[in-house]
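# Structure assessment
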Amino acid sequence: QVQLVESGGGLVQPGGSLRLSCAASGFTFSNYAMNWYRQAPGKERELVARINSAGGSTNYADSVKGRFTISRDSAKNAVYLQMNSLKPEDTAVYYCNADRVVWGKKYDYWGQGTQVTVSS
């Protein structure tokens, strides 16, 4: 079955770094764009970063541009989010997502999430 398993979350001080990983299985990884979303308490889930299926194009939310980097490794069926210069407002549950649209039908998979807390 399809699985997206996130890891790498935790508690970090402001200005610190974390690297999130997402291991994918059960689908053809190379056919899917991969995304990182986050949801803070009391807020809607927001798209943080996206990388296309080929890995050649990335997009970021304005709030994380220049601080976060998304990458993927097709040999390992994994996607990563390197987070630098972390701020308290980056505190949220981070979710890995895979998506693909085929003939107008969207295929969409989610991980269970990993908590990131930025606090002194």
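We now turn to the structure provided with this report. Keep in mind that this is a model prediction, so the values were computed, not measured.

### Things to note about the overall build of the chain
- Scanning the chain from terminus to terminus reveals 0 helices and 11 strands.
- Put simply, the chain runs from its N terminus to its C terminus through helices and strands in the order β-β-β-β-β-β-β-β-β-β-β.
- The C-alpha atoms of the chain give 14 Å as radius of gyration, which agrees with the globular expectation for 120 residues (14 Å, within 12%).
- A principal-axis box enclosing the C-alpha atoms of the chain has dimensions of 45 × 30 × 25 Å.
- Taken over 120 residues, the chain has a buried fraction of 39%.
- Expressed as a percentage of contacts within the chain between residues at least 6 apart in sequence, the contacts between residues at least 24 apart total 54%.
- A total of about 6,400 Å² of accessible surface is found on the chain, and carbon and sulfur atoms cover 46% of it.

### Some points on the pairing of strand 11 (residues 114-118)
- Residues Thr114, Val116 and Val118 line the buried face of strand 11, whereas the alternating positions Gln115 and Thr117 sit on a face that is not buried.
- Here strand 2 (residues 10-12) pairs with strand 11 via 3 bridges, running parallel. Its bridge partner being in strand 11, Val12 is matched across the sheet by Val118.
- Alignment of strand 9 (residues 92-102) against strand 11, held across 3 bridges, turns out to be antiparallel. Within strand 11, the position partnered with Tyr94 by the bridge is Thr114.

Calculation rules
Residues numbered from 1 in each chain as written. Predicted model: local features only at pLDDT ≥ 70, side-chain atom pairs only at ≥ 80, totals over all residues. Heavy atoms only, no water. Helix = DSSP H or I, 4+ residues; strand = E, 2+ residues; numbered from the N terminus. Rg over C-alpha atoms; globule rule 2.2 N^0.38 Å. Buried < 20%, exposed > 50% of the residue type's maximum accessible area, 1.4 Å probe, protein only. Contact = heavy atoms within 4.5 Å. Areas by Shrake-Rupley, 256 points an atom, 1.4 Å probe, with all protein chains shown as cover. Pairing = 2+ DSSP bridges.

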